[in-house]
Amino acid sequence: PGQGSQKLGMAAGVLELPGAAQRFALASERLGRDLLAICAGSDDAKGIDPSDLNDTRNTQPALFVIESLLVDALRATGPQPALVAGHSLGELVALYAAGVFDADTGLALMQRRSELMAVAGGGAMTAVMGFDRPQLEQLVDATEGVVIANDNSEAQAVLSGSPEAVSAVSAALSCKRAIPLAVSGAFHSPFMAQAAAAFAKDLEAVPFAEASIPVLSNTDPSPSTDAGLLKQRLLLQMTTGVRWRETMEQFGREGIDEVVEIGPGNVLSGLIKRGCPG
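Computed from a predicted model, the values in this text were never measured in an experiment.

A. How the structure looks around the sheet that holds strand S4 (residues 156-161). Across the sheet, which stays open at both edges, the 4 strands sit in the order S3-S4-S2-S5 with antiparallel pairing between neighbours. Each end of this open sheet is capped by a strand with a single partner; those strands are strand S3 (146-153) and strand S5 (177-180). Strand-to-strand twist of the sheet, defined as the mean angle between neighbouring strand axes without regard to direction, takes the value 20 degrees. In the sheet, strand S2 (residues 124-129) pairs with S5 via 4 bridges, with the strands oriented antiparallel.

B. Geometry of the side chain of Glu-91. Mapping Glu-91 onto the fold places it in helix H4 (residues 90-97). Although Glu-91 lies buried, it forms no salt bridge, and the closest oppositely charged side chain, Arg-233, sits 7.4 Å away as judged by the N-O distance. Ignoring sequence-local partners within four residues, the contact set of Glu-91 consists of Gly-86, Ser-217, Asn-218, Arg-233, Leu-234 and Gln-237.

C. Spatial organisation of the pattern of salt bridges. All told, the structure shown has 12 salt bridges when counted by the stated rule. A salt bridge links Arg-112 to Asp-202; the shortest N-O distance between them is 2.5 Å. Residue Arg-112 is located in helix H5 (residues 103-119), and its partner Asp-202 is located in helix H8 (residues 193-204); the two are separated by 90 residues in the primary sequence. For Asp-202, a relative accessible area of 29% puts it in the partly exposed group.

D. Structural detail: the packing of aromatic side chains. With the rule as written, the count across this model stands at 3 aromatic pairs. Over the ring of Tyr-96 we find Arg-75; its NZ or CZ atom is 5.0 Å from the centre of that ring. A cation over an aromatic ring shows up here: Lys-231 above the ring of Phe-208, its NZ or CZ 5.0 Å from the ring centre.

E. Layout of helix H7 (residues 163-172). For H7, the full list of buried residues reads Ala-165, Val-166, Val-169 and Ser-170. Around the axis of H7, the buried residues are gathered within 130 degrees of arc, so they sit on the same side. H7 presents Glu-164 and Ala-171 as exposed residues on the side facing more than 90 degrees away from its buried surface. Considering only its buried residues, H7 is in contact with S2, helix H6 (133-142), S3, S4 and S5.

F. Local environment of the packing of helix H1 (residues 20-31) against H5. Their axes nearest at 11 Å, the elements H1 and H5 cross at an angle of 35 degrees. With respect to the hand of their crossing, H1 and H5 are arranged in right-handed fashion. Residues Arg-23, Leu-26, Ala-27, Arg-30 and Leu-31 of H1 pack against Ala-103, Asp-104, Leu-107, Ala-108 and Gln-111 of H5. Residues that form the contact of H1 with H5 fall into these classes: 6 nonpolar, 1 polar and 3 charged.

G. Structural detail: unusual backbone geometry. Positive phi, close to 60 degrees, is recorded for Ser-88, a residue that is not glycine. Position of Ser-88 relative to the elements: it lies in the loop between strand S1 (84-85) and H4. Given a relative accessible area of 10%, Ser-88 falls into the buried group.

H. Local environment of the nonpolar core. If you look at the biggest cluster of nonpolar residues, it comprises 59 residues, and the most contacted ones within it are Phe-24, Cys-39, Leu-95, Val-100, Phe-101, Phe-208 and Val-215. At the level of secondary structure, the elements contributing two or more residues to this core comprise H1, helix H2 (35-40), helix H3 (56-77), H4, H5, S2, H8 and helix H9 (227-237). In terms of residue count, the dominant contributor to this core is H3 (7 residues). Once residues within four sequence positions are removed from consideration, Phe-208 is found in contact with Leu-95, Val-100, Phe-101, Leu-203, Ala-227, Leu-230, Lys-231 and Leu-234. Counting residues in hydrophobic clusters, the runner-up holds 12 residues, among them Leu-136, Leu-139, Val-146 and Ala-165.

I. Representation of the side chain of Asn-150 within the structure. Within the secondary structure, Asn-150 sits in strand S3. The exposure class assigned to Asn-150 is buried, which follows from its relative accessible area of 10%. Here Asn-150 is in contact with His-87, Gln-156, Ala-157, Val-158, His-188 and Val-242, once residues within four sequence places are set aside.

Cut-offs and rules
For every chain, the first residue of its written sequence is number 1, and the numbers climb from 1 along that sequence. It should be noted that, the model being predicted, local features are given only for residues of pLDDT at least 70 and side-chain atom pairs only at 80 or more, the latter also being counted only at that level, while totals for whole chains, interfaces and linings use all residues. Calculation of side-chain values draws on the structure's entire complement of heavy atoms; hydrogens and water are dropped beforehand. When DSSP locates at least two bridges between a pair of strands, those strands are taken to pair. Put simply, DSSP marks the helices as runs of H or I at least four residues long and the strands as runs of E at least two long, and each gets a number from the N terminus on. Note on geometry: axes are C-alpha line fits, over the in-contact stretch for helices, and angles between N-to-C directions span 0 to 180 degrees. Think of it in three bands: residues with accessible area under 20% of the maximum for their type are buried, residues over 50% are exposed, and the middle band is partly exposed, with areas taken using a 1.4 Å probe on protein chains only. The positive count covers Lys and Arg only, the negative count covers Asp and Glu only, and His and the chain ends enter neither. In what follows, salt bridge is the name for a side-chain nitrogen of Lys or Arg lying within 4 Å of a carboxyl oxygen of Asp or Glu. Contacts between residues were defined by any pair of non-hydrogen atoms, one from each residue, lying within 4.5 Å. Note on aromatic contacts: the rings of Phe and Tyr and the six-membered ring of Trp form a pair at centre separations within 6.5 Å, being stacked when their planes are under 30 degrees apart, edge-to-face when over 60 apart, and tilted otherwise. Cation placement over rings: the criterion is NZ of Lys or CZ of Arg within 6 Å of the ring centroid and within 35° of the ring normal. Each C-beta atom gives one direction from the helix axis, and the arc is the one those directions make. In this scheme the crossing of two helices becomes right-handed for a clockwise turn of the near helix relative to the far one and left-handed for an anticlockwise turn of less than a right angle. For this classification, Asp, Glu, Lys and Arg are treated as charged, while Ala, Val, Leu, Ile, Met, Phe, Trp, Tyr, Cys and Pro are nonpolar and the rest, including Gly, are polar. By convention a nonpolar core is built from buried Ala, Val, Leu, Ile, Met, Phe, Trp, Tyr and Cys residues, the set being connected through side-chain atoms within 4.5 Å.

Take a look at the structure:
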């Protein structure tokens, strides 16, 4: 899972895993702030308060550390996966799980990605639920400055774009609920073009290995182990939508009958239970 699955205290369950203290220490040193204290949500001496975890510059590295530790534990003790996939920043964890790069590289990429996304502000995101899909697509096509950033399921999507455009589509759409998200920018939209261009320069210099497990990418949920193709797909990810509904459909086509969610919470598990009857 990606942003939105974080919760205060989420590190407590992984601190006993091998390498946990070292990975948190590495992340804290790289970031220049105590990531473990940020996950806990309070440290008056360090000026940390509960809202700090929701700062994307903290959220993304924190989720990467926790999810990568869980990946390592499952690698050592659990059944080996036939496929891996990640939602938004979770795609970098999926690439780590497939051996495309090591934990230090993944953390460095996550730090850079989060910093670039944090400064690319000015946009808004709203989750819509229980909508008519043809109407949603028609409204988005007819409204400049808004895209479907997360196509999560038949009944859930996230709009991203200028605050005015997102608000206009949300107001005109017949849906059960429309919930503005507490984010600092229009993620997974053309508003991220400048951030994506800067990230691309960093990413080009990072060597990717062939994946040991096929990866389903957000921009193209067809299985691939090709290092060059997986990097190209990741380059596109910041400005294009997360095609999670199609990712879940791919599970069925690939004969997957069991899915393990690697991270805090059960957001993706809930989507999969409703979206994958098999």
